[in-house]
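# Observations on chain architecture
Next come the chains, spelled out residue by residue.
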Amino acid sequence: MRRFFVTGNWKMNNTIAEAKALMAAMTPELEAIDSVDKAVAPSYLAVPAIAELCKGTGIKVGAQNLFWEESGAYTGEVAPAMVAEVCDFVIVGHSERRQFFGETDETVNQRLKAALAAGLHVIVCVGETLEENEAGQTESVVTHQLVKGLEGITETQAADITIAYEPVWAIGTGRAATPEDANRVHKDLIRPLLRQQFGEARAALMRIQYGGSIKPDNAAELFAMSDIDGGLVGGASLKADSFVAIVKAAAMVTIVEHESKK
Ligand code: PEP
């Protein structure tokens, strides 16, 4: 049975008080959904308060980035051990980090290795821009991001990695990829690359989230696709009812798939 992984990326939103109110509003319903892995990634300052609220609920808490050095003169940065002290996971390579903060495939790889060494689960984001998409470069761009981003990672380490395919043109635009288009990238491009590097068994187990304007009204059709194993949700994770509805959509797809296999 597939187990979906749905993560809310709160980005640079919510004061600590607002973050706590949002978490408190969605915790009871999220807690009641056992069949889906649920997670939130608040901004750094809100992470400890949210981790405290999520204790014992089964909801995982993560950071939106980290730095690869262990400690030292890196003003403004947060080290892997500091993140691991409070978080279950971390997101690396989000397109906003690539676009606004100079993130490259090489630095994604450095962050990934440091995060894994600190014992964190890691969501590695990849995805093409609109120009790249329109130029027919999706395959080459995503391949490059994945091959470079995962360079040197072993099959054992891959157990702690989730891939998020987030076409940049779909993030925050209200224009999600069609389920078929997203699934094609997951199934025919990302999964085979994972297979090549980590072997058949590990690649089959690894989860590939889709991200880009997931909403309550398109979540179920996205999750129903064979190789979409969950979602990285931005805007719709900032409202308790819409994030809960998206997690419920994943739970529903799990039930439908289970029933249809009987
Ligand atoms: C994201 O933050 O990764 C994202 C996919 O945002 P949105 O759901 O708002 O498109």
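For the structure, see preceding data.
First things first, this report covers the structure right here in the doc. (Residues numbered from 1 in each chain as written. Predicted model: local features only at pLDDT ≥ 70, side-chain atom pairs only at ≥ 80, totals over all residues. Heavy atoms only, no water.)

## Some remarks on the site of the ligand
Basically, it comes down to this: Residue proximity to a molecule or strand is established when one non-hydrogen atom of the residue lies within 4 Å of it. Each polar contact in these results corresponds to two N or O atoms within 3.5 Å; when the atoms are within protein, one needs to be able to donate a hydrogen and the other to accept it, and residues that are neighboring in sequence are counted only if both atoms are side-chain atoms.
For the ligand, the set of nearby residues contains 14 residues, the closest of which are Lys11, Glu166, Gly172, Ser213 and Gly235. Contact distances for the ligand include 3.0 Å between an oxygen atom and a side-chain N or O atom of lysine 11. One of the backbone N or O atoms of glycine 234 is found 2.8 Å from an oxygen atom in the ligand.

## Observations regarding the side chain of glutamate 257
So the rule is basically this: To qualify as a helix, a DSSP run of H or I must reach at least 4 residues; to qualify as a strand, a run of E must reach at least 2; elements of each kind are numbered from the N terminus. Residue burial is assigned from relative accessible area. The probe radius is 1.4 Å, only protein chains are included, and a residue is buried under 20% of its type maximum, exposed over 50%, and partly exposed in between. A contact between two residues is defined here by any heavy atoms of the two lying within 4.5 Å.
Topologically, glutamate 257 is positioned in helix α12 (residues 240-260). Note on glutamate 257: relative accessible area 19%, which makes it buried. Setting aside residues no more than four positions away along its own chain, glutamate 257 makes contact with Arg2, Phe223 and Ala224.

## A closer look at the packing of aromatic side chains
This is how it is decided: The criterion for an aromatic pair is that two Phe, Tyr or Trp rings (for Trp, the six-membered ring) have centres within 6.5 Å, with stacked assigned to planes under 30 degrees apart, edge-to-face to planes over 60 apart and tilted to the rest.
Enumeration over the complete set of coordinates arrives at 5 aromatic pairs. Taking 4.5 Å as the distance between ring centres and 40° as the angle between the ring planes, the aromatic pair formed by phenylalanine 67 and tryptophan 68 counts as tilted. For phenylalanine 67, a relative accessible area of 13% puts it in the buried group. Between phenylalanine 67 and tyrosine 74 the ring centres are 5.0 Å apart and the planes differ by 55°, which places this aromatic pair in the tilted class. For tyrosine 74, a relative accessible area of 36% gives the class partly exposed. Connected via pairs of aromatic rings, a cluster forms that spans Phe67, Trp68 and Tyr74.

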